[in-house]
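# Analysis of the macromolecular model
Given next are the chains, with one letter for each unit.
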Amino acid sequence: MDKNNVTKLNISVVVFLIIMSILSSSNIFKLEVKGEPLKLAGLTIIVGLVAFFVTKKTNDSKQEALDIKTFLPKLKSKKVIVLILVPVVLNIILVFVYKAFMPEYFEFLQSRLPFELEPSKLTPIFFELMVIPLGEEIAMRAFFQKQTTKMFGFIPSLIMTSVLFAIGHFSYGAAAIMILDIGGIFVDSIFYGLVFRETDNAWCSWVPHFLADIIVILMIVVLAL
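This report concerns the structure included in the present document. Because the structure is a prediction, the values reported are computed rather than measured.

### Notes on the nonpolar core
M20, F52, L75, I138, A142 and F143 are the most contacted members of the largest nonpolar core, which totals 41 residues. Per-element accounting of this core gives the leading share, nine residues, to helix α6 (residues 122-152). When sequence neighbours within four positions are dropped, the list of residues in contact with M20 reads T44, V47, G48, A139, M140, F143, F144 and L164. Counting residues in hydrophobic clusters, the runner-up holds 10 residues, among them V95, Y105, F108 and L109.

Structure, rendered in structure tokens:
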């Protein structure tokens with residue numbers, strides 16, 4: 001690849017990073033069109049997915065971060081297993097704590113469920129819970145975290161990515177509830193980012209993301225009965 005193409009790709013990376021930051025941050029503003037909330041944060045993932053595939057030539061190989069062949073071997077690492085289990089176990093404990101001692105926040109979590117668990121919808125819901133976290137991991141970890149790590153180093157990148165990830169999931173509520181919500185998502189993202197750092201594979205960071213999402217949702221539904 002000649003220098004001009006490399007320069008163009010690097011400029012594209014910066015442009016995509018800026019667009020993702022703006023879109024995700026827009027979630028904290030109550031943007032409305034004809035009285036309906038304008039949710040732009042969801043576009044962050046679409047832009048990130050496009051960015052990953054458009055700029056993948058800036059990585060070491062075309063398969064980098066999405067190599068399915070290295071997925072299972074990399075999961076065998078004890079360190080990776082611990083990093084995967086910590087956010088999952090932590091979320092399980094916290095849901096019980098919220099139900100027992102913070103009913104307001106538990107109700108807030110219920111209100112954030114994007115669907116009703118009807119028997120006829122279980123299959124598409126399960127599929128959705130598999131696909132969306134993978135898209136988020138490709139966009140936020142395989143693109144955003146990887147590219148900002150090259151620019152600023154790992155720790156600043158991990159924090160930046162997790163802040164952006166948390167803000168992108170922002171929902172309005174009482175101050176204490178918003179702090180808890182954003183804080184929890186930020187901590188989860190830190191662990192997803194650590195898994196990606198250890199494996200350089202978005203499939204691997206998808207595992208704790210998917211497990212945490214589906215287990216927490218099922219626990220909320222069961223405990224709400």
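### A short note on the packing of helix α4 (residues 78-101) against helix α5 (residues 103-111)
Packing of α4 against α5 brings their axes to within 6 Å, and their N-to-C directions diverge by 120 degrees. Viewed along their axes, α4 and α5 adopt a mutual orientation that is oblique. Packed against α4, whose contacting residues are V95, Y98, K99 and F101, the element α5 presents P103, Y105, F106 and L109 at the interface. Grouping the amino acids of the contact of α4 with α5 by side-chain chemistry returns seven nonpolar, no polar and one charged.

### Here we look at the pattern of salt bridges
Enumeration according to the criterion identifies three salt bridges in this entry. Between E137 and R141 there is a salt bridge, with the nearest N and O atoms lying 2.7 Å from each other. With E137 and R141 both in helix α6, this residue pair falls four residues apart, about one helical turn. As far as burial versus exposure is concerned, E137 and R141 are alike and both buried.

Parameters at a glance
Residues numbered from 1 in each chain as written. Predicted model: local features only at pLDDT ≥ 70, side-chain atom pairs only at ≥ 80, totals over all residues. Heavy atoms only, no water. Core = buried A, V, L, I, M, F, W, Y, C linked by side-chain atoms within 4.5 Å. Buried < 20%, exposed > 50% of the residue type's maximum accessible area, 1.4 Å probe, protein only. Helix = DSSP H or I, 4+ residues; strand = E, 2+ residues; numbered from the N terminus. Contact = heavy atoms within 4.5 Å. Axes fitted to C-alpha atoms, helices over the stretch in contact; angles between N-to-C directions. Parallel < 35°, antiparallel > 145°, perpendicular 65-115°, else oblique. Nonpolar A, V, L, I, M, F, W, Y, C, P; charged D, E, K, R; others polar. Salt bridge = Lys/Arg side-chain N within 4 Å of Asp/Glu carboxyl O.

Any functional reading would require information that these geometric values do not contain.
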